Amino acid sequence: RVPGRAALDWWSERFAELKVPHGAIEERAGRQTLAFTDPEGQRLQLIDDSGAAVAGGTPWAKSPVPAEYGIRGLGAATLTVGRLEPTALVLTEALGFRQSGEWASPAKPDEKLVVFETSAGGPGATLYVAVRPDLPAARQGRGGVHHIAFRTPDEQTHQAWQQRLAGLGLHVTPVIDRFYFRSIYFREPGGVLFEIATDGPGFATDEDAAHLGEQLALPPFLEPHRQEIEAGLRPLDSASIVS
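Since the model is a prediction, treat every value here as computed from it, not as a measurement.

Student: So what about the sheet that holds strand β8 (residues 148–152)? Which residues, and what values?
Tutor: Two modes of strand pairing occur in sheets, parallel and antiparallel, and in both the strands are linked by backbone hydrogen bonds. Strand order in this open sheet of four strands is β8-β11-β10-β9, and the pairing throughout is mixed. Here the strands that pair on one side only, and so sit at the sheet edges, are β8 and β9 (176–177). Sheet contacts for helix α3 (residues 155–167): β8, β10 (182–187) and β11 (193–198); angle to β10, the most-contacted strand, approximately 20°.

Student: Which residues make up the pattern of salt bridges, and what values go with them?
Tutor: Pairs can form between side chains of opposite charge once their charged atoms are near each other. Considering all chains together, one arrives at 13 salt bridges under this definition. Between Asp9 and Arg5 there is a salt bridge, with the nearest N and O atoms lying 3.1 Å from each other. Of this pair, Asp9 and Arg5 are both found in helix α1 (residues 5–18), four residues apart, which corresponds to roughly one turn of the helix. Owing to a relative accessible area of 33%, Asp9 belongs among the partly exposed residues under this scheme. Note that Glu223 and Arg226 form a salt bridge whose closest N and O atoms lie 2.5 Å from each other. One network of salt bridges, with partners in common, ties together Arg1, Asp49 and Arg72.

How each quantity is defined
- Residues numbered from 1 in each chain as written.
- Predicted model: local features only at pLDDT ≥ 70, side-chain atom pairs only at ≥ 80, totals over all residues.
- Heavy atoms only, no water.
- Pairing = 2+ DSSP bridges.
- Helix = DSSP H or I, 4+ residues; strand = E, 2+ residues; numbered from the N terminus.
- Contact = heavy atoms within 4.5 Å.
- Axes fitted to C-alpha atoms, helices over the stretch in contact; angles between N-to-C directions.
- Salt bridge = Lys/Arg side-chain N within 4 Å of Asp/Glu carboxyl O.
- Buried < 20%, exposed > 50% of the residue type's maximum accessible area, 1.4 Å probe, protein only.

See below:
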(Lines give C-alpha, C1' and ligand atoms only; values in the text may rest on other atoms or scores of the structure.)
Protein backbone atom coordinates (compact mmCIF):
# COMPACT_ATOMS: atom_id res chain seq x y z
CA ARG A 1 0.00 0.00 0.00
CA VAL A 2 1.39 3.39 -1.02
CA PRO A 3 -0.30 6.81 -0.80
CA GLY A 4 -1.36 7.78 -4.29
CA ARG A 5 -0.40 7.81 -7.96
CA ALA A 6 2.60 10.08 -7.28
CA ALA A 7 4.02 7.36 -5.04
CA LEU A 8 3.59 4.74 -7.77
CA ASP A 9 5.40 7.02 -10.25
CA TRP A 10 8.24 7.48 -7.75
CA TRP A 11 8.56 3.73 -7.18
CA SER A 12 8.53 3.03 -10.93
CA GLU A 13 11.54 5.33 -11.33
CA ARG A 14 13.25 3.74 -8.32
CA PHE A 15 12.77 0.24 -9.74
CA ALA A 16 14.20 1.35 -13.08
CA GLU A 17 17.22 2.87 -11.33
CA LEU A 18 17.85 -0.27 -9.26
CA LYS A 19 17.11 -2.62 -12.19
CA VAL A 20 14.18 -4.26 -10.41
CA PRO A 21 11.96 -6.05 -12.98
CA HIS A 22 8.61 -4.28 -13.08
CA GLY A 23 5.67 -3.54 -15.32
CA ALA A 24 3.74 -0.41 -16.18
CA ILE A 25 1.34 1.27 -13.78
CA GLU A 26 -2.13 -0.06 -14.60
CA GLU A 27 -5.57 -0.49 -13.13
CA ARG A 28 -6.26 -3.80 -11.36
CA ALA A 29 -9.60 -4.50 -9.71
CA GLY A 30 -10.40 -0.80 -9.52
CA ARG A 31 -7.08 0.51 -8.20
CA GLN A 32 -3.82 1.68 -9.80
CA THR A 33 -1.04 -0.84 -9.25
CA LEU A 34 2.62 -1.37 -10.08
CA ALA A 35 3.70 -5.00 -10.48
CA PHE A 36 7.29 -6.11 -9.87
CA THR A 37 9.27 -9.20 -8.91
CA ASP A 38 11.90 -9.76 -6.26
CA PRO A 39 15.26 -11.49 -6.93
CA GLU A 40 13.73 -14.94 -6.31
CA GLY A 41 10.82 -14.43 -8.68
CA GLN A 42 8.13 -13.62 -6.12
CA ARG A 43 5.37 -11.59 -7.79
CA LEU A 44 4.53 -8.45 -5.83
CA GLN A 45 2.56 -5.26 -6.40
CA LEU A 46 2.34 -1.76 -5.02
CA ILE A 47 -1.21 -0.40 -4.84
CA ASP A 48 -2.57 3.13 -4.58
CA ASP A 49 -4.60 3.07 -1.36
CA SER A 50 -6.13 6.55 -1.72
CA GLY A 51 -9.41 6.81 0.17
CA ALA A 52 -8.95 3.47 1.92
CA ALA A 53 -11.38 2.87 4.78
CA VAL A 54 -8.83 0.77 6.70
CA ALA A 55 -6.03 3.11 7.71
CA GLY A 56 -2.50 2.25 6.70
CA GLY A 57 0.52 2.24 8.96
CA THR A 58 3.29 4.79 9.42
CA PRO A 59 6.39 4.42 7.19
CA TRP A 60 9.66 3.77 8.98
CA ALA A 61 11.23 7.10 9.88
CA LYS A 62 14.79 5.94 9.07
CA SER A 63 13.93 4.62 5.62
CA PRO A 64 15.78 6.04 2.59
CA VAL A 65 12.34 6.27 0.95
CA PRO A 66 10.65 9.66 1.50
CA ALA A 67 7.72 9.31 3.90
CA GLU A 68 5.25 10.68 1.36
CA TYR A 69 6.02 7.70 -0.90
CA GLY A 70 6.56 5.09 1.81
CA ILE A 71 4.88 1.69 2.05
CA ARG A 72 2.05 1.77 4.58
CA GLY A 73 1.12 -1.89 4.94
CA LEU A 74 -0.16 -4.89 3.05
CA GLY A 75 -2.93 -4.62 0.49
CA ALA A 76 -4.79 -7.56 -1.05
CA ALA A 77 -3.28 -11.00 -1.41
CA THR A 78 -4.23 -13.20 -4.37
CA LEU A 79 -5.16 -16.84 -3.79
CA THR A 80 -4.89 -19.12 -6.85
CA VAL A 81 -7.23 -22.11 -6.76
CA GLY A 82 -8.61 -24.69 -9.17
CA ARG A 83 -12.29 -24.22 -8.21
CA LEU A 84 -13.96 -21.12 -6.80
CA GLU A 85 -16.94 -22.56 -4.92
CA PRO A 86 -15.23 -24.46 -2.04
CA THR A 87 -12.86 -21.58 -1.29
CA ALA A 88 -15.64 -19.00 -1.56
CA LEU A 89 -17.75 -21.01 0.89
CA VAL A 90 -14.99 -20.94 3.52
CA LEU A 91 -14.32 -17.24 3.00
CA THR A 92 -17.97 -16.23 3.26
CA GLU A 93 -19.55 -18.75 5.63
CA ALA A 94 -16.59 -19.44 7.94
CA LEU A 95 -14.52 -16.25 7.87
CA GLY A 96 -17.16 -13.60 7.27
CA PHE A 97 -15.98 -12.20 3.92
CA ARG A 98 -18.46 -11.14 1.26
CA GLN A 99 -18.06 -11.67 -2.49
CA SER A 100 -18.15 -8.13 -3.84
CA GLY A 101 -17.28 -8.37 -7.53
CA GLU A 102 -15.09 -9.66 -10.32
CA TRP A 103 -12.33 -8.19 -12.44
CA ALA A 104 -10.87 -9.39 -15.73
CA SER A 105 -7.66 -8.08 -17.28
CA PRO A 106 -8.27 -6.44 -20.68
CA ALA A 107 -4.82 -7.59 -21.82
CA LYS A 108 -4.87 -11.10 -20.27
CA PRO A 109 -8.22 -12.87 -20.69
CA ASP A 110 -7.09 -15.73 -18.42
CA GLU A 111 -6.40 -13.29 -15.55
CA LYS A 112 -9.77 -13.06 -13.83
CA LEU A 113 -10.09 -12.18 -10.15
CA VAL A 114 -13.02 -12.67 -7.81
CA VAL A 115 -12.98 -10.00 -5.09
CA PHE A 116 -13.80 -10.77 -1.45
CA GLU A 117 -14.01 -8.09 1.23
CA THR A 118 -14.50 -7.91 4.96
CA SER A 119 -15.47 -4.97 7.17
CA ALA A 120 -15.25 -1.73 5.17
CA GLY A 121 -13.37 -3.40 2.32
CA GLY A 122 -10.59 -1.84 0.25
CA PRO A 123 -6.85 -2.12 0.93
CA GLY A 124 -6.25 -3.96 4.19
CA ALA A 125 -9.61 -5.76 4.07
CA THR A 126 -9.67 -7.49 0.66
CA LEU A 127 -8.69 -10.82 -0.86
CA TYR A 128 -8.52 -11.68 -4.55
CA VAL A 129 -9.17 -15.24 -5.72
CA ALA A 130 -7.84 -16.27 -9.12
CA VAL A 131 -9.52 -19.39 -10.51
CA ARG A 132 -7.01 -21.30 -12.67
CA PRO A 133 -7.99 -24.95 -13.25
CA ASP A 134 -5.43 -25.03 -16.07
CA LEU A 135 -2.47 -24.70 -13.71
CA PRO A 136 -0.76 -27.63 -11.94
CA ALA A 137 -0.83 -27.82 -8.16
CA ALA A 138 1.78 -25.52 -6.63
CA ARG A 139 4.85 -26.84 -4.83
CA GLN A 140 6.52 -24.98 -2.01
CA GLY A 141 9.90 -23.52 -2.92
CA ARG A 142 12.10 -20.47 -2.93
CA GLY A 143 10.22 -17.42 -4.12
CA GLY A 144 6.86 -18.78 -2.98
CA VAL A 145 4.50 -17.86 -0.17
CA HIS A 146 4.05 -20.42 2.61
CA HIS A 147 0.75 -19.14 4.04
CA ILE A 148 -1.46 -16.10 4.54
CA ALA A 149 -2.19 -14.71 8.01
CA PHE A 150 -5.22 -12.86 9.33
CA ARG A 151 -5.09 -10.80 12.52
CA THR A 152 -7.31 -10.84 15.57
CA PRO A 153 -7.07 -8.33 18.43
CA ASP A 154 -6.79 -10.49 21.55
CA GLU A 155 -6.55 -14.02 22.92
CA GLN A 156 -10.26 -14.26 23.78
CA THR A 157 -11.28 -13.53 20.19
CA HIS A 158 -8.55 -15.85 18.98
CA GLN A 159 -9.88 -18.72 21.08
CA ALA A 160 -13.37 -18.07 19.74
CA TRP A 161 -12.08 -18.40 16.16
CA GLN A 162 -10.37 -21.69 16.99
CA GLN A 163 -13.59 -23.06 18.44
CA ARG A 164 -15.68 -21.79 15.53
CA LEU A 165 -13.43 -23.33 12.88
CA ALA A 166 -13.17 -26.62 14.76
CA GLY A 167 -16.98 -26.69 15.03
CA LEU A 168 -17.21 -26.28 11.25
CA GLY A 169 -14.94 -29.28 10.71
CA LEU A 170 -12.05 -27.35 9.16
CA HIS A 171 -9.31 -29.34 10.96
CA VAL A 172 -7.82 -26.29 12.64
CA THR A 173 -4.76 -26.68 14.87
CA PRO A 174 -4.79 -26.01 18.61
CA VAL A 175 -3.56 -22.56 19.64
CA ILE A 176 0.23 -22.44 19.19
CA ASP A 177 2.36 -20.07 21.26
CA ARG A 178 4.82 -18.26 18.95
CA PHE A 179 6.06 -16.01 21.80
CA TYR A 180 5.41 -12.80 19.83
CA PHE A 181 1.82 -13.89 19.10
CA ARG A 182 -0.54 -16.89 19.27
CA SER A 183 -1.51 -18.73 16.08
CA ILE A 184 -3.91 -21.27 14.68
CA TYR A 185 -3.67 -22.83 11.21
CA PHE A 186 -5.97 -24.61 8.79
CA ARG A 187 -5.99 -25.39 5.08
CA GLU A 188 -8.92 -24.22 2.97
CA PRO A 189 -10.33 -26.57 0.27
CA GLY A 190 -8.23 -25.02 -2.50
CA GLY A 191 -5.05 -25.99 -0.65
CA VAL A 192 -4.04 -22.54 0.68
CA LEU A 193 -2.76 -22.55 4.27
CA PHE A 194 -4.48 -19.95 6.46
CA GLU A 195 -3.23 -18.62 9.79
CA ILE A 196 -5.15 -16.53 12.32
CA ALA A 197 -2.83 -14.77 14.77
CA THR A 198 -3.17 -12.41 17.71
CA ASP A 199 -1.85 -8.86 17.50
CA GLY A 200 0.08 -9.27 20.74
CA PRO A 201 2.24 -9.52 22.69
CA GLY A 202 4.09 -8.06 19.66
CA PHE A 203 7.63 -7.84 18.34
CA ALA A 204 8.59 -5.22 20.92
CA THR A 205 8.29 -7.85 23.66
CA ASP A 206 12.02 -8.55 23.84
CA GLU A 207 13.64 -5.49 22.24
CA ASP A 208 13.21 -1.73 21.96
CA ALA A 209 10.63 -0.82 19.33
CA ALA A 210 12.91 1.96 18.07
CA HIS A 211 15.56 -0.64 17.13
CA LEU A 212 13.46 -3.41 15.64
CA GLY A 213 15.19 -5.16 12.76
CA GLU A 214 18.71 -4.02 13.61
CA GLN A 215 19.68 -7.52 14.72
CA LEU A 216 18.26 -11.04 14.46
CA ALA A 217 15.75 -11.54 17.28
CA LEU A 218 14.65 -15.10 18.04
CA PRO A 219 11.93 -16.38 20.35
CA PRO A 220 13.20 -18.38 23.34
CA PHE A 221 12.38 -21.75 21.76
CA LEU A 222 14.66 -20.98 18.79
CA GLU A 223 17.48 -19.29 20.72
CA PRO A 224 19.39 -22.59 21.23
CA HIS A 225 19.58 -22.87 17.42
CA ARG A 226 20.87 -19.35 16.79
CA GLN A 227 24.25 -20.42 15.43
CA GLU A 228 22.67 -22.84 12.98
CA ILE A 229 20.06 -20.31 11.86
CA GLU A 230 22.55 -17.48 11.39
CA ALA A 231 24.84 -19.76 9.37
CA GLY A 232 22.10 -20.17 6.77
CA LEU A 233 21.34 -16.45 6.33
CA ARG A 234 22.70 -14.06 3.72
CA PRO A 235 23.05 -10.33 4.43
CA LEU A 236 20.10 -8.30 3.12
CA ASP A 237 21.60 -5.20 1.51
CA SER A 238 21.41 -3.20 -1.68
CA ALA A 239 23.92 -5.50 -3.38
CA SER A 240 21.79 -8.58 -2.77
CA ILE A 241 18.63 -6.77 -3.88
CA VAL A 242 19.88 -5.98 -7.37
CA SER A 243 22.09 -9.02 -7.92
